Amino acid sequence: MTGTEILKLASILAVGLIASCSALGASFGDAKVAASAVEGVARQPEAQSAIFSTMLIGIGLVEATPIIGIVIALILLYANPLLG
């Protein structure tokens, strides 16, 4: 195997690892945000609308991280500066 082939294989493995870890982290983050929102609504039902909108903002922020990770992974896969 040449050095270029090894770098291509390493890039593919890195993309898979980045995508899977970012999806796993986002799922745990979304679950934590949703669980906290449900707990907050259970304690204060009259604040349901405020808690819901805050929950949506929180989930949006949590989901931004894996999107950035996947963009970086795709750049690594298709525009890898190490491969020239």
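Look a little higher up for the structure.
Residues numbered from 1 in each chain as written. Predicted model: local features only at pLDDT ≥ 70, side-chain atom pairs only at ≥ 80, totals over all residues. Heavy atoms only, no water.

Comments concerning the overall build of the protein
Here is step 1 of the chain: Looking only at helices and strands, one finds two helices and zero strands in the protein.
Here is step 2 of the chain: Relative to the globule expectation of 12 Å for 84 residues, the C-alpha radius of gyration of the protein, 19 Å, shows a markedly less compact shape.
Here is step 3 of the chain: Projected onto its principal axes, the C-alpha coordinates of the protein cover approximately 65 × 15 × 10 Å.
Here is step 4 of the chain: The buried share among the 84 residues of the protein stands at 19%.
Here is step 5 of the chain: Put simply, the protein shows about 5900 Å² of open surface, and 75% of that area lies on carbon and sulfur atoms. (Helix = DSSP H or I, 4+ residues; strand = E, 2+ residues; numbered from the N terminus. Rg over C-alpha atoms; globule rule 2.2 N^0.38 Å. Buried < 20%, exposed > 50% of the residue type's maximum accessible area, 1.4 Å probe, protein only. Areas by Shrake-Rupley, 256 points an atom, 1.4 Å probe, with all protein chains shown as cover.)

Side note on the pattern of salt bridges
Here is step 1 of the chain: Summed over all chains, the structure comprises one salt bridge.
Here is step 2 of the chain: With a shortest N-O distance of 3.2 Å, E39 and R43 are connected by a salt bridge. In this pair, E39 and R43 both sit in helix α1 (residues 3-43), four residues apart, roughly one turn of the helix.
Here is step 3 of the chain: Given a relative accessible area of 67%, R43 falls into the exposed group. (Salt bridge = Lys/Arg side-chain N within 4 Å of Asp/Glu carboxyl O.)

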